[in-house]
Amino acid sequence: MPRKGRHKLYDEDDYDYYDDYKDDDEFDYAEHGQSRKEDDATSSAPQQNFLGGASKAGETALGEANLWRCSICTYDNPEDYLACDICGVIRHPSTRVDQLSTAVPFKFDGPSPDDKVLAGKQRNARSVPVEVSSPSILSKTSLSTMETKGGVNTSHSSKLKATLESKAPARSRKLGYDKEKKIESCHVIKPSQYEGESYLDDGMKHMSLDNNLQDNGIINHKIEQSSNKGLPLDNYKPEQWMLEDNENEKKLFHLVIVGHVDAGKSTLMGRILHLLGRISQKEMHKHRKEANEMGKGSFAYAWALDEGSEERARGVTMTVAMKHFETKKFKVVLLDAPGHKDFIPNMISGAAQADAAVLVVDASTGAFEAGFEGQGQVGGQTREHAQLVKSLGVNQLVVAVNKMDAVNYSKSRFNQIKGSLAPFLKQCGFKDTAILWVPVSGIEAQNLVTGPSETQLTSWYTGINLLDAIDTLEPPVRLTSKPLRLIVAEVFSKITLGPTAVSGKLESGAVKVGTKVLLMPSREIARVKSLEQDGESVSVGRAGDHLDVGLQGVDAGALMVGGVLCHPDYPVPIATLLELKVLTLGITVPLLRGTQVVLHAHHAKDPARIAELVSLLDLKTGAVIRQSPRCLTANQRAVIQVVPERGVCVEEYTNFRSLGRIILRDGGKTVAVGVISRIISQQ
Ligand code: GTP
Ligand code: MG
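Attention in this report is confined to the structure presented alongside it. (Residues numbered from 1 in each chain as written. Chains lettered and ligands numbered in written order. Predicted model: local features only at pLDDT ≥ 70, side-chain atom pairs only at ≥ 80, totals over all residues. Heavy atoms only, no water.)

## As for the pairing of strand E5 (residues 321–326)
- The pairing of E5 with strand E6 (residues 330–336) spans 6 bridges and is antiparallel. Looking at E6, one finds that Phe325 is bridged to Val332.
- Following E5, the chain reverses through 3 residues before pairing antiparallel with E6. (Pairing = 2+ DSSP bridges. Helix = DSSP H or I, 4+ residues; strand = E, 2+ residues; numbered from the N terminus.)

Right under this line is the structure:
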């Protein structure tokens, strides 16, 4: 999950053909006071850029920037990225692209980030047949696979080949492709107790995946542990410093903001940050002035989160922005996700860390309907985001019915939206009692951090404001007494942290400056040199914290997005064959044995192949109704086996929930969500 401000946005330079990404049919601009259309009409410069190809910023960057090409998915990453922004693979020296004319520009109407991963995968699938039944499948994807993975640009392939050959032993070791080691370490795990259990609860007829399962902690680690796999988790005893906790301190709370494109998420959050004093008057003045100059005056508050030049020029969030603010109860880590469908993979990255979500819907006439119903069977991103956050483990939701100013704070419009959305959210698995409905206006700052002042709203609304609604959410259980698991969301370098630093959420355990950590999947040991939280240096981090970690004793090649920092004696498995319990979404193309998908698990994205359709399950009871179905269609529950191409650092769901959830996507759409019921083989 690239963080804004630290890196350039990953696709900042490549939006040459972006002009028509906003479908005017989707929005009733007349309903928006100062709306996008007006903005664009008053701004000739950006519009010319949209129509004329690369924007000014894009042209400059294209002329100057150095890129490096990912050897897996062929995405051209900016020079300062250490890991591929699309598939997370580590940077290789030979993949630099000096001639930008060879770079394939990313564009909205072209392949999405998902497609990029798939493109690499499909080429691989042809060149490297993968044996599902063999535990040593990845031994076949050694050097020859890497050479061809992602269809590396021919002008660079010989250079890449030479470099890979010279570095082959080191690289195989890092990626865990060592044949002997893997055969020795692979084994089949017994079916878990989870088998046959229902994962739909009464109120969650279609989407819930976690009923009948115990708390969200590690329960019993069923994987047989051998010496190179570490010790059984039962042996783990946390040290005293790991458990110490200041009861009086506010708890960290990760809150993701989701919703259809243009629902007003960034504006709403920018406004809250401003009202809470997290954005100074001076900064706000600067945003207003610059936004006005670009003819994007109505986006001034959104600019507090949309920091990339391309995001600002286009008026759309592209990557997750992270900000901090405090409520009476929490230190909130705010994750402002993109709403546009092309950036769902980024949204998933943000949602994977969240303890709760604010689902923002646009109340203006036609806009709510566009976000909810969308086009075709699958609906808009209001639907998709709600399904995704639920499947990623978010159980608590605040629905912010935004832009109420555009409908004169109408009670009937609010109730109409609630009436349409509530049954769907229930179907997704959200309990009625876990959803709060709050009418707001980001632009007019109504009902955000204090009660509303607008009489049209106060005449019928007596509920709480958005900030107080956040304070009613339950803090998550923190796994402080379990071994260290920090999921890498970003690999970067920073002066205060050194050349090899990662950031991510500490899912369990604790970490201290000076301690050793195991980096998975590279299996390298590093020493923690420094720790930072929200830019401040800290000496210890505990479960639930979001940390920047400076590492010593490793090179950047050992780090990757989607990797996990572990306790050296308790490594996370690198799964190469998974059994999943999935629920298919509104798919139009059936899923078959052999279907290629992109597997998302926390921050990891891996091209994957459906190796087996094991059984079809009853939607309500979870009982097996058919063995080996020929295909899966929309809204079906099933057990399937999936082969991630490179292997992913995951856990079985019963052992560790946040590492045991998966999302399968294909062609830029989410096709299924589910949980890992078994790790059948691992490296
Ligand atoms: P993405 O991140 O790209 O999905 O968009 P977003 O949901 O963050 O929306 P953003 O904050 O960028 O706002 C989109 C447009 O809606 C801008 O023109 C805003 O000025 C407008 N907008 C946001 N909040 C309100 C509101 O409360 N009322 C009205 N009338 N317009 C709003
Ligand atoms: Mg936004």
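Let us keep going from here.
## Observations regarding the site of ligand 1
- Taken together, 20 residues form the shell around ligand 1, and within it Lys265, Thr267, Ser298, Thr317 and Asp405 come nearest.
- Interatomic distance of 2.7 Å between a backbone N/O atom of Ser298 and an oxygen atom of ligand 1.
- At a separation of 2.9 Å, an oxygen atom of ligand 1 approaches a polar side-chain atom of Lys403.
- Considered on its own, ligand 1 offers 650 Å² of accessible surface; in the complex 99% of this is hidden by protein.
- Of all the elements, helix H9 (residues 265–275) adds the most residues to the shell around ligand 1, at 3 residues.
- A breakdown of the residues in the shell around ligand 1 according to their chemical character gives 6 nonpolar, 10 polar and 4 charged. (Near = heavy atom within 4 Å. Polar contact = N/O pair within 3.5 Å; in protein donor to acceptor, adjacent residues only side chain to side chain. Areas by Shrake-Rupley, 256 points an atom, 1.4 Å probe, with all protein chains shown as cover. Nonpolar A, V, L, I, M, F, W, Y, C, P; charged D, E, K, R; others polar.)

## Some details on the pairing of strand E21 (residues 596–601)
- Burial of E21 is extensive: 6 of the 6 residues sit out of reach of the surface.
- What sits between the antiparallel neighbours E21 and strand E22 (residues 604–617) is a turn of 2 residues, in which His602 has the positive phi angle 40 degrees.
- Where E21 and strand E27 (residues 661–666) come together, 3 bridges link them in antiparallel fashion. Residue pairing across strands places His600 opposite Ile663, the latter belonging to E27. (Buried < 20%, exposed > 50% of the residue type's maximum accessible area, 1.4 Å probe, protein only.)

## Focus on the coordination of the magnesium ion (ligand 2)
- The protein atoms donating to the magnesium ion (ligand 2) are Ser266 (OG) and Thr317 (OG1), with metal-donor distances spanning 2.0 Å. Of this pair, Ser266 sits in helix H9 while Thr317 is found in the loop between helix H11 (309–314) and E5, placing the two residues 51 residues apart along the sequence.
- On the accessibility criterion, Ser266 (6% relative accessible area) is buried.
- On the basis of relative accessible area, Thr317 is assigned to the buried category, the value being 8%. (Donors = N, O, S within 2.8 Å, 3.2 Å for Na, K, Ca; no water.)

## Comments concerning the packing of aromatic side chains
- Counted under the stated rule, the structure contains 6 aromatic pairs.
- Pairing Phe372 with Phe424 gives two aromatic rings, centres 5.6 Å apart and planes at 80 degrees, and the pair type is edge-to-face. Here the residue Phe372 occupies a position in helix H13 (residues 367–373), and Phe424 occupies one in helix H15 (residues 411–428), the gap between them amounting to 52 residues. Comparing Phe372 with Phe424, the two get one shared label, buried.
- Here Phe414 and Trp460 contribute two aromatic rings whose centre-to-centre distance is 5.4 Å and whose plane-to-plane angle is 45 degrees, an arrangement assigned as tilted. Of this pair, Phe414 sits in helix H15 while Trp460 sits in the loop between helix H16 (455–458) and helix H17 (466–471), and the two are 46 residues apart along the sequence. For the pair Phe414 and Trp460, one class covers both residues: buried.
- An aromatic cluster of at least three residues, connected via ring pairs, comprises Phe368, Phe372 and Phe424.
- It is Arg383 that lies over the ring of Phe424; its NZ or CZ is 4.9 Å from the centre.
- Taking the ring centre of Phe430 as reference, the NZ or CZ of Lys390 above it sits at 5.9 Å. (Phe/Tyr/Trp six-rings, centres within 6.5 Å; stacked < 30°, edge-to-face > 60°. Lys NZ or Arg CZ within 6 Å of the ring centre and 35° of its normal.)

## Some thoughts on the pattern of salt bridges
- With the rule as written, the count across this model stands at 17 salt bridges.
- A salt bridge links Glu293 to Lys289; the shortest N-O distance between them is 3.7 Å. With a gap of 4 residues between them, Glu293 and Lys289 both fall in helix H10 (residues 281–293), about one helical turn apart.
- A salt bridge links Lys328 to Asp468; its shortest N-O distance comes to 3.2 Å. One end of the pair, Lys328, is in the loop between E5 and E6; the other, Asp468, is in helix H17, with 140 residues separating them in the sequence. (Salt bridge = Lys/Arg side-chain N within 4 Å of Asp/Glu carboxyl O.)

## Quick look at H9
- With 10 of its 11 residues buried, H9 lies for the most part within the structure.
- Within two residues after H9, Gly277 carries a phi angle of roughly 80 degrees, on the positive side.

## Considerations on unusual backbone geometry
- Residue Pro521 is bonded to the preceding Met520 through a cis peptide linkage, with omega at 10 degrees.
- Within the element layout of this structure, Pro521 appears in the loop between strand E13 (516–520) and strand E14 (524–533).
- The backbone of Asp262 sits at a positive phi, close to 75 degrees, despite the residue not being glycine.
- Structurally, the position occupied by Asp262 is in the loop between strand E4 (251–258) and H9.

Remember that the coordinates give geometry; whether it matters functionally is a separate question.
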